[in-house]
There are 2 protein chains.
Amino acid sequence: MTQQAAIALGVELRVLAESAGDSAARVISDVRVGDYRDLADLRDFAKGCDAVTFDHEHVPTEHVAALAADGVAVHPGAGALVHAQDKAVMRERLTAIGVPCPAWRRIATAADVEAFGEENGWPFVLKAVRGGYDGRGVWVCRSAQDAAEVLASGVPLMAEAFVSFERELAVLVARSPHGQGVSYPVVETVQQDGICVEVLAPAPGLDPERAAVAQGIALKIATELGVTGLLAVEMFETSSGLVVNELAMRPHNSGHWTIDGARTSQFEQHLRAVLDLPLGSPALAAPVVVMANLLGGDDPDIFSRYEHVMAHDPGVKVHFYGKEVRPGRKIGHVTALGTDLDEVRARARHAAAYLADGVYT
Amino acid sequence: MTQQAAIALGVELRVLAESAGDSAARVISDVRVGDYRDLADLRDFAKGCDAVTFDHEHVPTEHVAALAADGVAVHPGAGALVHAQDKAVMRERLTAIGVPCPAWRRIATAADVEAFGEENGWPFVLKAVRGGYDGRGVWVCRSAQDAAEVLASGVPLMAEAFVSFERELAVLVARSPHGQGVSYPVVETVQQDGICVEVLAPAPGLDPERAAVAQGIALKIATELGVTGLLAVEMFETSSGLVVNELAMRPHNSGHWTIDGARTSQFEQHLRAVLDLPLGSPALAAPVVVMANLLGGDDPDIFSRYEHVMAHDPGVKVHFYGKEVRPGRKIGHVTALGTDLDEVRARARHAAAYLADGVYT
């Protein structure tokens, strides 16, 4: 999807891929096959690039710092990126700058677990400090016994109090090395089993003052952490206000709606930001935009269903990621635009559900 | 630009390029270097493709027919494509199916020239039957002497009476092998020195009945000629009605506004049509869309001006074609969207003019 934006901007991409068959490698001419965990591969790759960025957070922080020390323009830099890689570092920093977070602490021993439970109540959540994604690396901890199993694995952990929330929101902002920042409208993300299934833009019925607070929090984090490129801030909306859940520093699933639904797609915005170009308008392209994730179903042969979806709703936009269908895997998304939330949401939902399973919802 | 659409649709493109440095070849992984005038190259290229199509009209008609005879799904087919290649064949056919055309005839001799001038008045236009483009292959003929020079070149010619028109319109339609057809809104194309400089969508102040007639003409041509893929029909609007000027059977400059300004871009629509998939919605994404062509100016280093344009108007969309800057060459386009024609047009015009020359208009 970044390639789509790069073509229009006149930017030539080079991709570091794990194999030549990776979905990004199949649509970009300049492909280097290598390991993003290997500094030598990263250095070879970066030679001649005007800027280097990421589409995931797993490049080791120290390698990002080493590239910057070599003189490579890496965005986001290691000092910012670590907050999207290490949840404890993120919580420490957000707490220090006064951003509302759930109660939390680092956990090393059974005594830490007991203390956290006494202070904040049971159950609570144990999280792997690094490497969690889409519900992986997260354990609900109902008792000392639950915690013991996770502790035994030796993974660095932290505890977070359960947040009793009304819904989940996300704010996508971009910040350039110059310091220019823009915020997209606040969206609602709808989760099922820890996976985002729908994004509603703008977040329906959100109080405009609260929306401004949410955008302010995201821009403050971007500025204080020195983020360059995109920053997605996932938040809980509770009866008493907003609490920050997670950070991502790259084009993010909660921003896929922008491809068809905003004047500037998040992919174009990310390229503009990491190249230190003036940022684009984040304005909505329609009053209501709904993105539904396309999760693989049991039948991998989706072509006939794809034809049905196109014929049924000529206005819906389907985006495939060039990935093989596996049950539950995000293989694409669907965007619908319009004026009436219920109607637009039903269209997006139907298209995604029918593509996955052939089931009409 | 077709690659941008292909990525989302999950369609893998292969391109036949004249060299590996061609702009399309630089953004597509599967590049075959060859000559589109060479049947052997075309046959090698087509092996394994589900469908073959064109981004220009210069592949020899007989080679297109030969590929089809080999069993390749070529869209548009030779029987349709010839009407976009040979202006005399096009005029014969349009006249036969009752589509309004300027007075015309094939010209082989000075006597033909005299006869046409007597019947339709001087001056008139001489056109090369094949190969004209952006004002090339067109000669204003004021006298028998003018014609003599052109006749002496030996190029097959036709004459067309001058049409006294109020403005130029264009209608873009798509038709699939199944026979499904859709029409985009009628647009006005603004020409300078025979080159399109601006496209206004929808055509301002166009009578809705006349718009429907224009769309009907374009869909009728697509059906009668058996066009598969896109068909752009350029028309003159005169005081007494519409007259068809030219046909193109591919994504066309008059449809570049659809990338940002319509629910389905012409590039996506062309892919859907040639793959016989259900067609997408041609609805406008805003009440007013203006596309301004970006013509190369005297200074090839446009980067600093590009930054200015991005900063000046974060909502304008600039598209570069990966071509070297040469004075007068189409190197990209700019699209602006909004509600007020004068304001939107001024934004698009400023961006294109400033990018070209650094001159504020």
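Residues numbered from 1 in each chain as written. Chains lettered and ligands numbered in written order. Predicted model: local features only at pLDDT ≥ 70, side-chain atom pairs only at ≥ 80, totals over all residues. Heavy atoms only, no water.

By the naming in an unreviewed UniProt entry, chain A goes by N5-carboxyaminoimidazole ribonucleotide synthase and is assigned to Planobispora siamensis. In its Sequence similarities (unreviewed entry) section, the UniProt entry covering chain A states "Belongs to the PurK/PurT family." The UniProt entry for chain A carries this comment under Pathway (unreviewed entry): "Purine metabolism; IMP biosynthesis via de novo pathway; 5-amino-1-(5-phospho-D-ribosyl)imidazole-4-carboxylate from 5-amino-1-(5-phospho-D-ribosyl)imidazole (N5-CAIR route): step 1/2." (UniProt positions renumbered as here; feature names shortened; annotations may be inferred.)

A. Spatial organisation of the packing of helix 2 (residues 39-46) of chain A against helix 3 (residues 61-69) of chain A. Residues and elements named next belong to chain A. Where helix 2 contacts helix 3, the two axes come as close as 10 Å, and the packing angle between them is 40°. In terms of orientation, helix 2 lies oblique with respect to helix 3. Here helix 2 runs over helix 3; the crossing is right-handed. Residues Leu39, Leu42, Arg43 and Ala46 of helix 2 lie in contact with helix 3, whose contacting residues are His63, Ala66 and Leu67. When grouped by side-chain class, the residues that make up the contact of helix 2 with helix 3 number five nonpolar, one polar and one charged. (Axes fitted to C-alpha atoms, helices over the stretch in contact; angles between N-to-C directions. Helix = DSSP H or I, 4+ residues; strand = E, 2+ residues; numbered from the N terminus. Parallel < 35°, antiparallel > 145°, perpendicular 65-115°, else oblique. Left-handed = near helix turned anticlockwise from the far one by under 90°. Contact = heavy atoms within 4.5 Å. Nonpolar A, V, L, I, M, F, W, Y, C, P; charged D, E, K, R; others polar.)

B. Broad picture of the UniProt feature "binding site: ATP" (unreviewed entry) in chain A. Residues and elements named next belong to chain A. UniProt's entry tags Lys87, Lys127, Glu160, Ala161, Phe162, Val163, Glu168, Asn245 and Glu246 with the feature "binding site: ATP" (unreviewed entry), counted in the numbering of this structure. The residue Lys87 is located in helix 5 (residues 87-96) in this model. Mapped onto the secondary structure, Glu160 falls in strand 6 (residues 157-161). According to the relative accessible area criterion, Glu160 is buried, its value standing at 4%. Not counting residues within four places of it along the chain, the set of residues in contact with Glu160 comprises Arg91, Pro102, Ala103, Trp104, Phe116, Phe124, Val125 and Lys127. Separated by 2.7 Å, the side chains of Glu160 and Arg91 make a polar contact. (Buried < 20%, exposed > 50% of the residue type's maximum accessible area, 1.4 Å probe, protein only. Polar contact = N/O pair within 3.5 Å; in protein donor to acceptor, adjacent residues only side chain to side chain.)

C. Highlighting unusual backbone geometry. Omega for the bond connecting B:His75 with B:Pro76 falls within 30 degrees of zero, at -5°, which places this linkage in the cis form. With respect to the helices and strands, B:Pro76 occurs in the loop between helix 3 (61-69) and helix 4 (78-85). Put simply, B:Ala201 and B:Pro202 share a cis peptide bond, and its omega is -10°. Topologically, B:Pro202 is positioned in the loop between strand 10 (195-201) and helix 8 (208-225). Positive phi outside glycine occurs at A:Asp193, with the angle close to 55°.

D. The arrangement of the packing of aromatic side chains in detail. All names here are of chain A. A full pass over the atoms with the stated rule returns 10 aromatic pairs over all chains. For the pair Phe116 and Phe124, a centre-to-centre distance of 5.0 Å together with 70° between the ring planes defines the contact as edge-to-face. Owing to a relative accessible area of 2%, Phe116 belongs among the buried residues under this scheme. In this structure Phe124 comes out as buried when scored by relative accessible area, which is 0%. Look at Tyr306 and Phe320: their rings are 4.7 Å apart centre to centre, the planes differ by 90°, and that puts the pair in the edge-to-face class. Of the two residues, Tyr306 is situated in helix 11 (residues 303-312) and Phe320 in strand 14 (residues 317-320); the sequence distance between them amounts to 14 residues. Residue classification places Tyr306 among the buried residues on the basis of a relative accessible area of 5%. Exposure remark for Phe320: the relative accessible area of 12% places this residue in the buried category. (Phe/Tyr/Trp six-rings, centres within 6.5 Å; stacked < 30°, edge-to-face > 60°.)

E. The relation of the copies chain A and chain B, seen in detail. Its rotation angle being 180°, the transformation that places chain A on chain B also includes 0.0 Å of axial translation and leaves an RMSD of 0.0 Å. Given the turn and translation reported, the copies of this chain are related as if by a two-fold rotation axis. Looking at chain A, 100% of its interface residues are interface residues in chain B too, so the copies touch through the same face. (Least-squares fit on C-alpha atoms with pLDDT ≥ 70 in both.)

F. Inspection of the sheet that holds strand 4 (residues 124-128) of chain A at higher detail. Residues and elements named next belong to chain A. Pairing in this open sheet of four strands is antiparallel, and the strands run 3-6-4-5 from one edge to the other. A strand with exactly one partner marks an edge of an open sheet, and here the two such strands are strand 3 (104-107) and strand 5 (138-141). The sheet shows a mean angle of 25° between the axes of neighbouring strands, direction not considered. Judged from the four bridges that link them, strand 3 and strand 6 form a sheet pairing that is antiparallel. When the sheet's bridge partners are listed, Arg105 is paired in strand 6 with Ala159. Of the strands in this sheet, strand 3, strand 4, strand 5 and strand 6 touch helix 7 (residues 144-152), which is tilted by about 150° from strand 5. (Pairing = 2+ DSSP bridges.)

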